[in-house]
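# Geometric and topological summary
Here is what each chain is made of, one letter per residue.
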Amino acid sequence: MSSQPHIVLPWIVRRTRLPLLSWRCLDCPSKSATTGKGRFRANANGKLLDVWLLVRCVSCDRTSKLPVHERATVRSIDPALLDGYHANDPKLVAATLLDPLFLRRHGLALDWQGAWELDPLPVGLDEAWPWQVAVNFEDPVPVRPDRLIAQGLGCSRSEVPRRIKSDISLRRPRTLGFTFIAMARGSAG
Ligand SMILES: [Zn+2]
């Protein structure tokens, strides 16, 4: 057990902005849309209410409306939620966009590239290999572990399997925390 790591480093994955949406624009060849700062539109018709999340083509700015509530009875929606829609509450925009049911209903996928960061502690532990690293997700950002580990260790993705020990699939994106053991460069067989 002499190689048992005695240092546990926390790494945190967090969102830096909202992800883009994979989106086929009707006016231009772009395949990407953004919620921008985040805006809802609500329209009451008698006792029925429609709420949409507005998204904008990143290339030509064409705006589209994604239904959040369709022909819902006003009373069926929590008044606090309704206020959030009217105020374009950023937390509600994020919660709506990141809701898996909402995405599935509209057949949408999120593009997280450039929308997250890894927050490792400053590392000056070269003497203390191997490390145990505990990765935690502050936001449900689906990241391939090999990509994340390569970024954290400052190595190439192909080097990752030789540098670490872990039970998880390195290539399958995940949003659940995991741990791995990292060895010094060149020390692994
Ligand atoms: Zn467009």
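Residues numbered from 1 in each chain as written. Predicted model: local features only at pLDDT ≥ 70, side-chain atom pairs only at ≥ 80, totals over all residues.

All right, on to the domain arrangement of the protein then. Considered domain by domain, the protein is made up of domain 1 (8-15 + 114-182) and domain 2 (20-111). Averaged C-alpha coordinates put domain 1 and domain 2 at centres separated by 33 Å. (Domains from an automatic or database assignment.)

For the rest of this paragraph, the subject is the sheet that holds strand β5 (residues 63-73). Spatially, β5-β4-β3-β2-β6 is the arrangement adopted by the five strands of the open sheet, whose pairing is antiparallel. Two strands in the sheet have a free side with no partner beyond their single neighbour: β5 and β6 (110-111). With nine bridges connecting them, strand β3 (residues 32-45) and strand β4 (residues 48-57) associate as antiparallel partners. Bridge assignment links A42 to a residue of β4, and that residue is V51. On the sheet, helix α2 (residues 90-97) packs against β3, β4 and β5 and is oriented at approximately 105 degrees with respect to β3. (Pairing = 2+ DSSP bridges. Helix = DSSP H or I, 4+ residues; strand = E, 2+ residues; numbered from the N terminus. Contact = placed C-beta atoms within 7 Å. Axes fitted to C-alpha atoms, helices over the stretch in contact; angles between N-to-C directions.)

Reading across from one edge, β7-β1-β8-β10-β9 is the order of the five strands in this open sheet, with mixed pairing throughout. The outermost strands of the open sheet, each flanked by one partner alone, are β7 (116-120) and β9 (164-165). The pairing of strand β1 (residues 8-15) with β7 spans five bridges and is antiparallel. Counterpart to R14 in the pairing with β7 is E117.

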